[in-house]
Amino acid sequence: MKIRENLYYVGVNDRVKHRFEGLWHLPHGVSYNSYLIDDEKVALVDTVDVAFFAEYLEKIRAVLGDRPVDYLIINHMEPDHSGALSLIRKYYPEIRLVGNRKTMEMVGGFYGANSEGDIVVADGDALSLGRSTLTFHLAPMLHWPETMVTYDAADGTLFSGDAFGCFGALNGAVMDTAMDYEHYISEMERYFAAILGKFCAPVRTALAKLSALDIRMICSTHGPVWTEAVPRVVDVYRRFSEGVTVPGLVVCYGSMYGNTQRVAEAVAEGAAAAGLRKVIVHNLSVSQPSFVLADIFRYGALAVGGPTYNGGLFPVVEDLLKRLAHREVRGRKLAFFGGYTWSSQAVKTIAAYNGHMKMEMAAEPVEWKQGASADALERGRALGKALAEAVMN
Ligand SMILES: Cc1cc2nc3c(=O)[nH]c(=O)nc-3n(C[C@H](O)[C@H](O)[C@H](O)COP(=O)(O)O)c2cc1C
Ligand SMILES: [Fe+2]
Ligand SMILES: [Fe+2]
């Protein structure tokens, strides 16, 4: 598929995988994007998951016929992009790998595929293909140590690796201008929360560094090619990495027999009654973690509730807190609630996790013994009101 003069999309769709990285749900699939620059020299930018090699090779050959590929630019070594590397080497034995020092070390460690002719690049180095000159910009921990982006000044094109990528297979079109891309923006937010949420500081560093480039097109490794939406997707990265949220409350709870759920409903009612229009309730036994995390990145207030369970906190609630403790979500307004029957542990455990999350408490925790009493529900409503007021002001 031609993107513009000399540039082709040769990526593939994966509509079979259930969970990305074995963790994150893929209800709409995912694409592994690779690009072919057909200049005086021919360069491939990243590869695809090895399971799709036959289709991938067919796409490359549809553009090149029997012509060789001179370079393989490696922006990211995660196997969803480097998986086809060894086979590409086999089919194009003269190809020269282009990557930074850390990349080359991983090429050896994963595939034993280093070669004499490989080109090791440093930050700012350039490689001429003829009409285009590519420059390489290291973007460490976006989201691996070797990650870099490749820029083609001739057309203002950024080959960004995973940055600005999203879940969701491509449905016929590749360019943002040829599709309704709203859904992919929300899938980009989910991708960010799941995969880059720990790396907000490296994202901010990379954004500052990339602001020096005139970027008119972003070719990432997952999802659409961005042109008219470039300002929009850069803004998603800016907001999510800086902790800029919109007013809204995410109520996350787990419950076995409905007591915690009743208090969760009361929290939501209290927030709505206080005038907050965006209130989202996630039953953590049902909602998938990446969707919950995306909402927590979007909105300014969070309520967490769970029962005491086997001397600790109900597992699905603790699982969310573990994930949050490893992500940069400091600015949120937080309040929490939980019950017990003989010895209280739930609210204590949530409080201990906030030692890592460092959110700002908007109300005292609501705790109750045994059934969710009228008093507990009333305190739950007050907790929702306090969160709503904290996030609306
Ligand atoms: C498997 C199981 C383990 C529990 N462990 C504890 C516990 O260690 N300490 C405690 O005080 N209550 C414990 N409870 C009681 C729950 O906290 C209580 O049933 C609570 O009302 C459950 O909230 P829910 O109605 O939202 O599920 C346990 C309940 C179950 C079913
Ligand atoms: Fe990755
Ligand atoms: Fe990726």
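None of these values were measured; they are calculated from a predicted model. (Residues numbered from 1 in each chain as written. Chains lettered and ligands numbered in written order. Predicted model: local features only at pLDDT ≥ 70, side-chain atom pairs only at ≥ 80, totals over all residues. Heavy atoms only, no water.)

Some remarks on the site of ligand 1
In step 1: Neighbouring residues of ligand 1: 15 residues in total, closest Ser255, Met256, Tyr257, Thr260 and Gly311.
In step 2: The backbone of Thr341 places a nitrogen or oxygen atom 3.0 Å from an oxygen atom of ligand 1.
In step 3: With respect to ligand 1, the backbone of Trp342 contributes an N or O atom lying 2.8 Å from an oxygen atom.
In step 4: Notes on ligand 1: free accessible area 630 Å², of which the protein chains cover 83%. (Near = heavy atom within 4 Å. Polar contact = N/O pair within 3.5 Å; in protein donor to acceptor, adjacent residues only side chain to side chain. Areas by Shrake-Rupley, 256 points an atom, 1.4 Å probe, with all protein chains shown as cover.)

Quick look at the environment of Tyr9
In step 1: Looking at the element boundaries, Tyr9 is found in strand β2 (residues 7-9).
In step 2: Taking the relative accessible area as the measure of exposure, Tyr9 reaches 6% and is therefore buried.
In step 3: Separated by 27 residues in sequence, Tyr9 and Leu36 have C-alpha atoms that sit 6.5 Å apart.
In step 4: For Tyr9, the contacting residues outside a window of four places in its chain are Met1, Ile3, Ser31, Tyr32, Asn33, Ser34, Tyr35, Leu170 and Val174.
In step 5: At 2.6 Å, the side chain of Tyr9 forms a polar contact with the side chain of Asn33. (Helix = DSSP H or I, 4+ residues; strand = E, 2+ residues; numbered from the N terminus. Buried < 20%, exposed > 50% of the residue type's maximum accessible area, 1.4 Å probe, protein only. Contact = heavy atoms within 4.5 Å.)

Considering the sheet that holds strand β10 (residues 96-99)
In step 1: Across the sheet, seven strands lie side by side as β1-β2-β7-β8-β9-β10-β11; this open sheet has mixed pairing. The sheet terminates laterally at β1 (2-4) and β11 (119-120), the two strands that pair on one side only.
In step 2: Here two bridges tie β10 to β11, and the two strands are oriented parallel to one another. If you follow Val98 over to β11, its bridge partner there is Ile119. (Pairing = 2+ DSSP bridges.)

None of this, on its own, says anything about what the molecule does.
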